[in-house]
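Residues per chain are reported as follows:
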Amino acid sequence: MNIFLVGGAVRDRLLGRPVSDHDWLVVGATPEAMVAGGYLPVGRDFPVFLHPETREEYALARTERKSAPGYRGFTVHAAPDVTLEQDLARRDLTVNAIALPAERVNADGGFDPTSDTLADPFHGQRDLRDKVLRHVTDAFREDPVRILRVARFAARFHDFSVAPETMALMREMVAAGEVDALVPERVWQELSRGLAEARPSRMFEVLRECGALAVLLPEVDRLWGVPQRAEHHPEVDTGVHLMMVLDTAARLQASLPVRFACLMHDLGKGTTPAEVLPRHTGHEKRSVELLQQVCERWRVPVDIRELAEVVAREHGHIHGSGALDAVGLVRLLERCDAFRKPARFADALLACECDARGRLGFEDAAYPQRPRLLAVLATAAAVPTDVVARAAQQAGATGPKIGEAIHQARVEAVAASPG
């Protein structure tokens with residue numbers, strides 16, 4: 001039995017990046033031998049075990065053979081006769097196909113990145129130096145999830161390029177319909193991971209270049225070529241603006257729900273005729289409709305979906321909130337359900353700030369709407385609604401009339417505030 005440290009831990013150590021997880025590969029062992037050694041089997045589709053003390057994952061060396069379309073269409077062969085090189089050959093990218101004998105790993109999980117004992121049969125170290133994402137073998141085409149993984153890695157290592165032959169292979173896979181067979185859970189998993197990376201725009205640029213974006217997110221793909229409004233630099237189209245918004249969200253260290261809302265907020269512009277764009281596009285309702293379709297297709301979590309709906313529907317009103325009077329401001333808060341969900345409203349405001357700053361020349365501009373609306377919410381939320389409700393009831397009000405009294409009290413508080 002021989003054990004190797006493989007994958008991302010080796011790659012990130014060689015790049016000088018922090019290493020959080022360790023993946024271990026076991027060559028020359030059987031499942032029975034692993035269980036006898038105290039390892040806990042957890043793999044459903046192939047033999048993976050948890051170390052009895054560290055709980056880190058140890059996978060048996062394996063090969064894979066395509067047996068059906070899509071992500072799950074594989075026959076896995078894990079046996080003691082599978083070699084290290086055979087296992088590395090089935091991995092996605094050369095930079096992830098580097099291994100180090102376990103005995104060369106320190107107690108703290110680190111190792112000497114100049115070690116001459118690194119197993120690197122596919123020249124992953126060379127591609128790390130050249131900053132290239134390159135597939136290992138033609139077996140890459142057998143798993144369409146790898147298209148999403150390459151795009152996600154491009155978002156993480158945003159100064160890396162995708163090798164021309166890898167991009168060509170990805171285009172072939174898209175043309176062959178492999179992307180159509182992806183299951184929603186894996187698509188959302190990879191998209192959400194990519195959105196959380198340092199340069200999320202790179203993920204969508206790569207997906208667009210290989211044609212996968214038009215299959216997975218046609219609502220986003222068709223935003224390229226749609227011009228921005230005249231006052232927002234017409235030479236930049238909506239697709240380019242969207243990428244700037246995403247990268248602004250990353251720069252501001254926004255959460256995943258905020259980043260997803262940034263991605264989804266302008267979908268309706270892709271179906272709005274260009275001639276009606278100069279002032280009020282009326283795209284918000286259509287954006288919400290398209291957003292709902294995307295969320296159903298990829299089973300987006302409810303809390304993330306709900307924030308995106310608020311931003312898609314209300315971002316124009318939030319941008320223009322400086323012109324609203326007290327009545328308009330309170331109505332905006334009510335439509336956003338800000339009194340019940342103030343944290344979500346704060347996220348919506350951050351997404352709107354990313355939208356406003358995701359334009360040429362506005363990257364560092366102030367966005368006064370955000371602090372102003374947070375202050376308005378604090379003022380309106382401080383109204384003692386129980387006291388107002390009791391007074392309304394004593395005056396004979398019932399049902400909706402009590403709600404109207406609370407609304408009016410909030411309007412009066414906002415109108416009286418010095419801001």
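The rules behind each value
- Residues numbered from 1 in each chain as written.
- Predicted model: local features only at pLDDT ≥ 70, side-chain atom pairs only at ≥ 80, totals over all residues.
- Heavy atoms only, no water.
- Helix = DSSP H or I, 4+ residues; strand = E, 2+ residues; numbered from the N terminus.
- Buried < 20%, exposed > 50% of the residue type's maximum accessible area, 1.4 Å probe, protein only.
- Axes fitted to C-alpha atoms, helices over the stretch in contact; angles between N-to-C directions.
- Parallel < 35°, antiparallel > 145°, perpendicular 65-115°, else oblique.
- Left-handed = near helix turned anticlockwise from the far one by under 90°.
- Contact = heavy atoms within 4.5 Å.
- Pairing = 2+ DSSP bridges.
- Salt bridge = Lys/Arg side-chain N within 4 Å of Asp/Glu carboxyl O.
- Expected span 1.5 Å × (residues − 1).
- Nonpolar A, V, L, I, M, F, W, Y, C, P; charged D, E, K, R; others polar.
- Phe/Tyr/Trp six-rings, centres within 6.5 Å; stacked < 30°, edge-to-face > 60°.
- Lys NZ or Arg CZ within 6 Å of the ring centre and 35° of its normal.
- Polar contact = N/O pair within 3.5 Å; in protein donor to acceptor, adjacent residues only side chain to side chain.

Trainee: Which parts of the structure should I look at to understand unusual backbone geometry?
Mentor: The phi torsion of most residues other than glycine is negative, and most of the peptide bonds are trans. Even without a glycine there, the phi angle at Lys131 is positive, about 60°. With respect to the secondary-structure elements, Lys131 resides in the loop between helix H4 (124–130) and strand S9 (132–133). We classify Lys131 as partly exposed; its relative accessible area is 37%. Backbone geometry at Asp337 places phi at a positive 55°, although glycine is not the residue there. Here Asp337 lies in the loop between helix H15 (326–335) and helix H16 (342–357).

Trainee: Any chance you could explain the packing of helix H18 (residues 385–394) against helix H19 (residues 400–416) here in plain terms?
Mentor: Each pair of packed helices can be described by the angle between their axes along with the distance between the axes. With their axes 9 Å apart at the nearest point, H18 and H19 run at an angle of 130° to one another. Classified by the angle between their axes, H18 and H19 sit oblique to one another. Of the two elements, H18 crosses H19, and the hand of that crossing is right-handed. Where H18 approaches H19, its residues Thr385, Val388, Ala389, Ala392 and Gln393 are matched on the opposing element by Ile402, Ala405, Ile406, Ala409 and Arg410.

Trainee: Looking at this model, I keep getting lost on the sheet that holds strand S4 (residues 48–50). Mind explaining?
Mentor: Read from one edge to the other, the open sheet built from 6 strands follows the order S3-S4-S5-S2-S1-S8, with strand pairing classed as mixed. Single-partner strands in this sheet number two, and they are strand S3 (40–41) and strand S8 (99–101). Pairing of strand S1 (residues 2–6) with S8 involves 3 bridges; the strand directions are antiparallel. Looking at the pairing, Phe4 lines up with Pro101 of S8.

Trainee: What should I look at first to understand the pattern of salt bridges in this one?
Mentor: This model, assessed by the stated rule, comprises 31 salt bridges. The salt bridge partner of Arg208 is Asp221, with a shortest N-O separation of 4.0 Å. Taken as a pair, Arg208 in helix H8 (residues 200–210) and Asp221 in helix H10 (residues 218–221) lie far apart in primary sequence, 13 residues in all. Under the relative-accessibility criterion, Arg208 is labelled partly exposed at 38%. For Asp221, a relative accessible area of 21% translates into the label partly exposed. The salt bridge partner of Lys341 is Glu306, with a shortest N-O separation of 3.5 Å. Of this pair, Lys341 sits in the loop between H15 and H16 while Glu306 sits in helix H14 (residues 302–319); the two residues are 35 residues apart in sequence, bridging distant segments of the chain. Linked by salt bridges that have partners in common, Arg126, Asp127, Arg134 and Glu165 make up one network.

Trainee: Any chance you could explain H19 here in plain terms?
Mentor: Owing to its 3.6 residues per turn, the α-helix brings residues three or four apart onto one side. Between the first and last C-alpha of H19 there are 24 Å, a value that for 17 residues agrees with the 24 Å anticipated at 1.5 Å per step. Those residues of H19 hidden inside the fold are in contact with H15, helix H17 (369–381) and H18.

Trainee: Got a minute to help me understand the side chain of His407 in this structure?
Mentor: Within the fold, His407 resides in helix H19. Residue His407 is classed as buried on the basis of its relative accessible area of 17%. Other than its neighbours up to four places away in sequence, His407 contacts Val330, Arg331 and Glu334.

Trainee: Help me understand the packing of helix H11 (residues 238–251) against helix H12 (residues 256–264), please; the structure alone is not making it clear to me.
Mentor: Orientation of H11 relative to H12, taken along the N-to-C sense of each, is 170°, at an axis distance of 9 Å. Between H11 and H12, the interaxial angle falls into the category roughly antiparallel. The residues of H12 that touch H11, namely those facing Leu242, Val245, Leu246, Ala249 and Ala250, are Arg259, Cys262 and Leu263. Of the residues assigned to the contact of H11 with H12, the class counts are 7 nonpolar, no polar and 1 charged.

Trainee: I keep staring at the packing of aromatic side chains and nothing clicks. Help me out?
Mentor: Remark: the centre distance and the inter-plane angle together describe each pair of aromatic rings, the angle taken between the planes. Summed over the entire model, instances satisfying the criterion amount to 5 aromatic pairs. Their ring planes at 10° and their centres at 5.6 Å tell us that Trp24 and Tyr58 sit as a pair that is stacked. Of this pair, Trp24 sits in strand S2 (residues 23–27) while Tyr58 sits in strand S5 (residues 57–60), and the two are 34 residues apart along the sequence. Grouping residues by exposure puts Trp24 and Tyr58 together as buried. Measuring from ring centre to ring centre gives 5.4 Å for Phe157 and Phe160, while their planes differ by 40°; the resulting arrangement is tilted. Under the relative-accessibility criterion, Phe157 is labelled buried at 4%. Put simply, the rings of Trp24, Tyr39 and Tyr58 pair up and form one aromatic cluster. Positioned above the aromatic ring of Phe153, the side-chain terminus of Arg152 is 5.1 Å from the ring centre. Directly above the ring of Phe339 sits Arg410, whose terminal nitrogen or CZ lies 3.7 Å from the centroid.

Trainee: Would you mind going over H16 with me for this structure?
Mentor: Here H16 contains 16 residues, and its C-alpha end-to-end distance of 23 Å stays within 8% of the 22 Å for a straight helix at 1.5 Å per residue. Summarising the contacts, the buried residues of H16 are in contact with H11, H12, H14, H15 and H17.

Trainee: Even after reading the chapter, I still don't get the environment of His315, so can you show me in this structure?
Mentor: Examined against the element boundaries, His315 turns out to sit in helix H14. In contact with His315, other than residues within four places in its own chain, are His265, Asp266, His283, Glu284, Val310, Cys352 and Asp355. At a separation of 3.5 Å, a polar atom in the side chain of His315 contacts the side chain of His283. For His315, the side chain forms a polar contact with the main-chain oxygen of Ala312, separated by 3.2 Å.

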